[in-house]
Amino acid sequence: MRAIIEGSRAIALAVKAARPNVVAAYPITPQTHIVEDISQLIADGDLDAQYVKVESEHSAMSVCLGASATGARTYTATTSQGLALMHEVLFNAAGMRLPIVMTVANRALSAPLSIWNDHQDSISERDSGWIQIYAEDNTEASDLTIQAYRIAEDSRIQVPVMVCMDGYTLTHTYEPVELLEQDLVDDFLPPYRPADFLNVNDPKSFGMFADPNYYTEFRYQNHRALEAAKAVIPQISSEFGEVFDRDYGGLIEEYRCDDAEYVLIAMGSVVGTLKDTVDDLRDDGVRAGAIKLRSYRPFPVDEIRSALAGLEAVGILDKNISLGFEGALFTDVKASLYHDDNAPKAFGFIAGLGGRDIPKRMFVKMFDCIREDKKISNSGFFDLNTQILDFQEV
Amino acid sequence: MKEVRIHGRGGQGSVTAAELLAVAAFEDGKYSQAFPFFGVERRGAPVTAFTRLSDKKIRLRSQIYEPDYVIVQDATLISAVDVAAGLKPEGMVIVNSEKSAEETGLDAGIEVRTIDATGIALEIIGRPIVNTTLLGAFAGATGEISIESIKRSVLARFPGKVGELNVRAAEKAYQIMAATERTPHAKPGAREKRETHEIHEKIGTAAIGKPGTSEVTKTGDWRVFYPEFDMEQCTRCGKCLENCPDAAIIKRTLSGKEADAARKKAEELEKAGKINKAAVKKAPIRYELDPTYCKGCGICANECPIKGIKMKLEEK
Ligand code: SF4
Ligand code: SF4
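Peer 1: What is the right way to look at the overall build of chain B in this model?
Peer 2: Scanning chain B from N- to C-terminus turns up 10 helices and 10 strands. Along the first, second and third principal axes, the C-alpha atoms of chain B reach 75 × 55 × 35 Å. Residues classed as buried in chain B amount to 47% of the 316 residues present. The long-range share in chain B, meaning contacts at least 24 apart out of those at least 6 apart in sequence, stands at 68%. Working note: accessible area of chain B is about 16400 Å², and carbon and sulfur atoms make up 51% of it.

Put into structure tokens, the structure is as follows:
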């Protein structure tokens, strides 16, 4: 059934359908509507879960960690500074192999203070050992929430998952959303039954000490789990497709790439605008294409390589920057192509930071740059307003 | 695809209007999308919200730069915001105003239709909440959406009496607009596109701001209501002044003849038994409004312990 609701509402309903046992969250804009809606669902008796009110995001993640270790299905959501505050617990959750699912309502990091969208918050948790998947629209974000539990709880994976959706641009937008039918979700997502959990009758220790004889091996296994997810994510996506008739494909989605000469890669909701731009350019006879990067960790090295094989040039949009170097996706895409002799020329674009809008004409300009092999100035900051700066790069 | 941009002030329900319009379009079997220009929401500050309507799934996520329609909830915005920026040549601007299209001050080249939504809302709803009324006007003026769907979407959001009244106001505005023909444009031509960067002032290196910016922001422009002080009953407690978020209440002590006159008037009131002796002494102390900065939030009226402040509708 399709309904027109706010993105945050769609996530709350998806969480309800996933039947978590414990929800712990601390409100922070633009995540607020999601957790408000969930607490209301619980208060109204529509969702049988325990909502733990906490004093910070660090505590929210700690509660989820503890609850998950007891075998509970857990959920939380946060953004920006809240995600940063969770930082150390994120590594613990991943290392303890706890299948927590979290929505990240992507937002910029301070300073300067910004409540608006970019991807710096989740990108900055790249190495936490969590799987990160980015949604293009609210139906995908809702569907991913259900798939995330299947991925996280899969015995081959056992790793927590972040479902990343653009703050405001998705969370606060009303649009038609395909609602999840409860009976189908129940078939697709059985209750969580972990092999190991905290149990007084069968005592075990979670997150214990590992001396130099063991630490490396635990890290290796954590890494292997993320690598294994490269096969599991598409598999669960197609299983989901069979049940719900909506298949998002694998780690990447290729849009009009078959005979494309020039392709732009992006993540998140801006991909919608990018696809529309590709259609416009195609109408003008330009063989443009788009790649939506869905899974950022694990990074789809092979998929990117084969999708870009034979292309002239590729552009990569980063709504983040690793200060002192370049956009995170740009680095990863180039690294993926390192062993290919005929790798396309890669252009990195940093744009859309702190909520700056990316209209179609900006994508057109990016395509112009890669088609005409233009030098990208201003360290790749593509939508820089140089008028308000004293300093200017030459 | 049709794109609608709504201009209003914080507290006027512009975002709700965008959402209700999207819901109504969905009811009509269309795809739609509604989102606000995500600002820091402050009552009275200029607000923009967007709605897209289409027969196909909408993927576009950017703001709306070349709208087919613009709805202006508050005509006072026209001097502050370029509401018609980027309007398509065949586009239309619907303005809440009792004035005629020519009197709004918008370019002669664009189709402007006015409706006294505030008047309709005050008459039917009893409050100057114009968003639903303007949605009715939009349905009548553009035909992009059915009035039935507008009504259903309003009722779904505001069940009961409130919804009924809003529906009646929307219906009235619809009838008025539907009865008047669209006028062909005097001299159609594409409007200038909005610049992406409207800020030209130089910035420093660190996120460090200069003080005193609140002086530059004339929050008085945002006002829909203004507070009226009952200086006869006022106990001079100062609560209003302490709580005003914009320091828009000024305490002034009268001197000389003015003070004598105030005292004399207070003595008369004391004789009539309306105030006590202590109040007579304080009579020269006045609490006054600074209209440049009062944004009409009503916090002072809420805080006044004797309910001596009444919020009045600003005559514009
Ligand atoms: S309404 Fe009252 S509290 Fe609000 S700005 Fe005006 S004077 Fe201040
Ligand atoms: S809060 Fe009311 S009584 Fe107190 S000073 Fe203000 S107007 Fe007078």
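Don't stop here, the text continues.
Peer 1: Would you take a moment to explain the site of ligand 1 for this structure?
Peer 2: The local shell around ligand 1 holds 13 residues, among which B:C244, B:C294, B:C297, B:G298 and B:C300 are the closest. For the shell around ligand 1, the per-class residue count stands at 10 nonpolar, 2 polar and 1 charged.

Peer 1: What's the story with the domain arrangement of chain B in this structure? I'm lost.
Peer 2: It is common to give the size of an interface as the accessible area lost on bringing the parts into contact. Residue and element names in this part refer to chain B. Entries for chain B in the domain assignment read domain 1 (2-179) and domain 2 (214-313). Across the boundary between the two partners, domain 1 contributes 10 residues, which contact 7 residues of domain 2. Between domain 1 and domain 2, roughly 650 Å² of surface is buried when both sides are summed, and carbon and sulfur atoms account for 70% of that area. One can count 0 salt bridges joining domain 1 with domain 2. Taken together, the connections running from domain 1 to domain 2 amount to 0 residue pairs in polar contact (both at pLDDT 80 or more). Classifying every residue of the side of domain 1 that touches domain 2 gives 4 nonpolar, 2 polar and 4 charged.

Peer 1: What is the right way to read the site of ligand 2 from this model?
Peer 2: Taken together, B:C234, B:T235, B:R236, B:C237, B:G238, B:K239, B:C240, B:Y287, B:C304, B:P305, B:I306 and B:I309 make up the full set of residues adjacent to ligand 2. Class assignment for the residues of the shell around ligand 2 results in 8 nonpolar, 2 polar and 2 charged.

Peer 1: Which parts of the structure should I look at to understand helix α8 (residues 256-271) of chain B?
Peer 2: For an α-helix, 3.6 residues make a turn, and residues three or four places apart therefore share a direction. All names here are of chain B. Over its 16 residues, α8 runs 23 Å from end to end, which matches the ideal 22 Å to within 8%, given 1.5 Å per residue. Tucked into the core, α8 has its buried residues touching α9 (277-281) and β9 (285-289). Phi for G273, located one or two positions after α8, is positive at around 80°.

Peer 1: Explanation requested: the pattern of salt bridges in the structure shown.
Peer 2: If you walk through the whole model with that rule in mind, you get 45 salt bridges over all chains. Across the pair A:D137 and B:K57 runs a salt bridge whose closest N-O atoms are separated by 3.0 Å. You can see A:D137 sitting in the loop between β6 (131-134) and α6 (138-153) and its partner B:K57 sitting in the loop between β3 (46-54) and β4 (69-72), one on each of two chains. Residue classification places A:D137 among the buried residues on the basis of a relative accessible area of 9%. Of the charged contacts in the structure, one is a salt bridge between A:D279 and B:R59, with a shortest N-O distance of 2.8 Å. Here A:D279, found in helix α9 (residues 270-283), pairs with B:R59, found in the loop between β3 and β4, and the two come from separate chains. The pair A:D279 / B:R59 is uniform in exposure class, with both members buried. Several salt bridges converge on common partners, so that one network encompasses A:E136, A:E140, A:E253, A:K275, A:K292 and A:R294.

Cut-offs applied
Residues numbered from 1 in each chain as written. Chains lettered and ligands numbered in written order. Predicted model: local features only at pLDDT ≥ 70, side-chain atom pairs only at ≥ 80, totals over all residues. Heavy atoms only, no water. Helix = DSSP H or I, 4+ residues; strand = E, 2+ residues; numbered from the N terminus. Buried < 20%, exposed > 50% of the residue type's maximum accessible area, 1.4 Å probe, protein only. Contact = heavy atoms within 4.5 Å. Areas by Shrake-Rupley, 256 points an atom, 1.4 Å probe, with all protein chains shown as cover. Near = heavy atom within 4 Å. Nonpolar A, V, L, I, M, F, W, Y, C, P; charged D, E, K, R; others polar. Domains from an automatic or database assignment. Buried area = accessible area lost by both parts, 1.4 Å probe. Salt bridge = Lys/Arg side-chain N within 4 Å of Asp/Glu carboxyl O. Polar contact = N/O pair within 3.5 Å; in protein donor to acceptor, adjacent residues only side chain to side chain. Expected span 1.5 Å × (residues − 1).

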